[in-house]
Amino acid sequence: SILSRWFRKTCQHPVMHYQSKKFKYQEASYVGRVSFGLKDAASGGLNSGDVSLKLLNVKTEDAGDFVCYVSSSQGYDSAPVNLIVTASGSPPFLSVVWGEDDKVNVSCESEGWYPQPVLRWSDKKQDVKPQSLVYRNLSSGLFLVHSWLLLSSTSEPSCSVGLSDKEVKEAKVSLGTLHNTAKPGKENFCGWVAFALLLVATLVLAALGVMYYRKKGTEYIHNTFI
Ligand SMILES: *[C@@H]1O[C@H](CO)[C@@H](O)[C@H](O)[C@H]1NC(C)=O
């Protein structure tokens, strides 16, 4: 009968131990998370010698080396397997704060990555260096990345975060257009003031005109009565 043992690095850390058609002792962190799997759709399973390990609810701590040990009446062997764990985080969140002297503080944040992702800034497709780039390891074992930089108000910054060049998540903003819609410009404000003053002046002139006409009218009526 087949004896199959999967463990992390040493025999002291059994992930799964199968012997005499029974599952034996195993490390607490793997209880309920492992079973035999099939290496492909055509596999005959355990009876044909497939002792693949199926791991559920993969955690970042699972990344690394496993060893598979198999023995049967025909012999025994062992082989290492390296498990690579990756997690793709949230799309980057950009926030913008207008400061003094045409400077804008643009910051970018994204979380839920494993391993540590690469964050890149660009402005009009040109790479730019951030003033600050900070990684934080969350309790889940996943990474959060936060970065900020100061740019001019005509910039078009883009922040991309990813594990490799193929899988990147990007966020971009055009500060020029954002600026015009978010805050009324000085020119616009002056325009509105001029228009309002003109409107008031027109109303005053119209009112004076009406009063003058009325006054003349009553005088005329008055005169005819006399
Ligand atoms: C830019 O904003 C970040 C927050 O996103 C802040 O920590 C940083 O101090 C700001 N930088 C400047 C120069 O104001």
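For the structure, see preceding data.
Residues numbered from 1 in each chain as written. Predicted model: local features only at pLDDT ≥ 70, side-chain atom pairs only at ≥ 80, totals over all residues. Heavy atoms only, no water.

Q: Whenever I open this one, the site of the ligand confuses me. Can you help?
A: Within the structure, the ligand sits among Asn105, Ser107, His146 and Trp148. Between Ser107 and the ligand, the recorded distance is 3.1 Å, taken from a side-chain N or O atom to an oxygen atom. Take His146: an N or O atom from its side chain is 3.5 Å from an oxygen atom of the ligand. Here the ligand, which alone exposes 360 Å², has 47% of that area covered by the protein. Of all the secondary-structure elements, those providing two or more residues to the shell around the ligand are strand 9 (103–113) and strand 13 (143–152). Of the residues contributing to the shell around the ligand, the split by class is one nonpolar, three polar and no charged. (Near = heavy atom within 4 Å. Polar contact = N/O pair within 3.5 Å; in protein donor to acceptor, adjacent residues only side chain to side chain. Areas by Shrake-Rupley, 256 points an atom, 1.4 Å probe, with all protein chains shown as cover. Helix = DSSP H or I, 4+ residues; strand = E, 2+ residues; numbered from the N terminus. Nonpolar A, V, L, I, M, F, W, Y, C, P; charged D, E, K, R; others polar.)

Q: So what exactly am I meant to see when it comes to the sheet that holds strand 7 (residues 75–83) here?
A: What holds strands together in a sheet is hydrogen bonding between their backbones, with the strands either parallel or antiparallel. One open sheet accounts for five strands, arranged 3-2-1-6-7; its pairing is antiparallel. For this open sheet the edge positions go to strand 3 (22–23) and strand 7, each flanked by a neighbour on one side alone. Across four bridges, the pairing between strand 1 (residues 3–7) and strand 2 (residues 14–19) is antiparallel. Considered in strand 2, the bridge of Arg5 is made with His17. (Pairing = 2+ DSSP bridges.)

Q: Where do I start with the side chain of Ser43 in this structure?
A: Of note, Ser43 is situated in the loop between strand 4 (34–36) and strand 5 (53–55). At 3.0 Å, the side chain of Ser43 forms a polar contact with the backbone nitrogen of Gly45. Setting aside anything within four residues of it in sequence, one finds Ser43 in contact with Leu38 and Asp50. (Contact = heavy atoms within 4.5 Å.)

Q: Just to check I follow, could you spell out the pairing of strand 1 for this structure?
A: Within a regular beta strand, the side chains point alternately toward one face of the sheet and then the other, so they alternate between its two faces. The buried fraction of strand 1 amounts to four of the five residues, a majority that puts the element mostly inside the structure. Bridging between strand 1 and strand 6 (residues 64–72) involves five bridges; their strand directions are antiparallel. Across the sheet, the residue bridging to Leu3 is Ser71, located in strand 6. (Buried < 20%, exposed > 50% of the residue type's maximum accessible area, 1.4 Å probe, protein only.)

Q: I tried to follow the side chain of Arg33 on my own but got confused; where do I start?
A: With respect to the element layout, Arg33 can be found in the loop between strand 3 and strand 4. A distance of 2.9 Å separates a polar atom in the side chain of Arg33 from a polar atom in the side chain of Asp62. Once residues lying within four places of it in the same chain are set aside, the contact partners of Arg33 are Lys54, Leu55, Leu56, Asn57, Val58, Lys59 and Asp62.

Q: Can you walk me through the pattern of salt bridges in this structure?
A: Opposite charge on two side chains permits them to pair, given that their charged atoms come into close proximity. For the structure on display, the rule yields two salt bridges. Of the charged contacts, one joins Asp62 and Arg33 as a salt bridge, the two residues approaching to 2.9 Å between their closest N and O atoms. Here the residue Asp62 occupies a position in the loop between strand 5 and strand 6, and Arg33 occupies one in the loop between strand 3 and strand 4, the gap between them amounting to 29 residues. Since its relative accessible area comes to 6%, Arg33 is described here as buried. In this structure, Asp40 and Lys39 form a salt bridge, with 3.9 Å as the shortest nitrogen-oxygen distance. Judged by its relative accessible area of 38%, Asp40 falls in the partly exposed class. Since its relative accessible area comes to 61%, Lys39 is described here as exposed. (Salt bridge = Lys/Arg side-chain N within 4 Å of Asp/Glu carboxyl O.)

Q: Sorry, what's going on with the packing of aromatic side chains here?
A: Aromatic ring pairs are reported here in terms of the distance separating the ring centres and the angle at which the planes meet. As enumerated under the stated definition, the model contains five aromatic pairs in all. Consider the rings of Phe23 and Phe36, whose centres lie 5.7 Å apart with planes at 40°: the pair is tilted. One end of the pair, Phe23, is in strand 3; the other, Phe36, is in strand 4, with 13 residues separating them in the sequence. Among the residues examined, Phe23 registers a relative accessible area of 51% and is labelled exposed. The ring of Tyr69 carries the charged tip of Arg5 above its face, separated from the ring centre by 4.8 Å. The ring of Phe66 is capped by Arg8, whose NZ or CZ atom sits 4.4 Å from the centre of that ring. (Phe/Tyr/Trp six-rings, centres within 6.5 Å; stacked < 30°, edge-to-face > 60°. Lys NZ or Arg CZ within 6 Å of the ring centre and 35° of its normal.)

Q: Please explain the pairing of strand 9 as it appears in this structure.
A: Taken together, the six bridges between strand 8 (residues 93–98) and strand 9 define a ladder with antiparallel strand orientation. Along strand 9, the bridge assignment pairs Trp98 with Val104. Sheet topology places strand 9 next to strand 13; ten bridges connect them, and they run antiparallel. By the bridge assignment, Val106 is partnered in strand 13 with Leu149.

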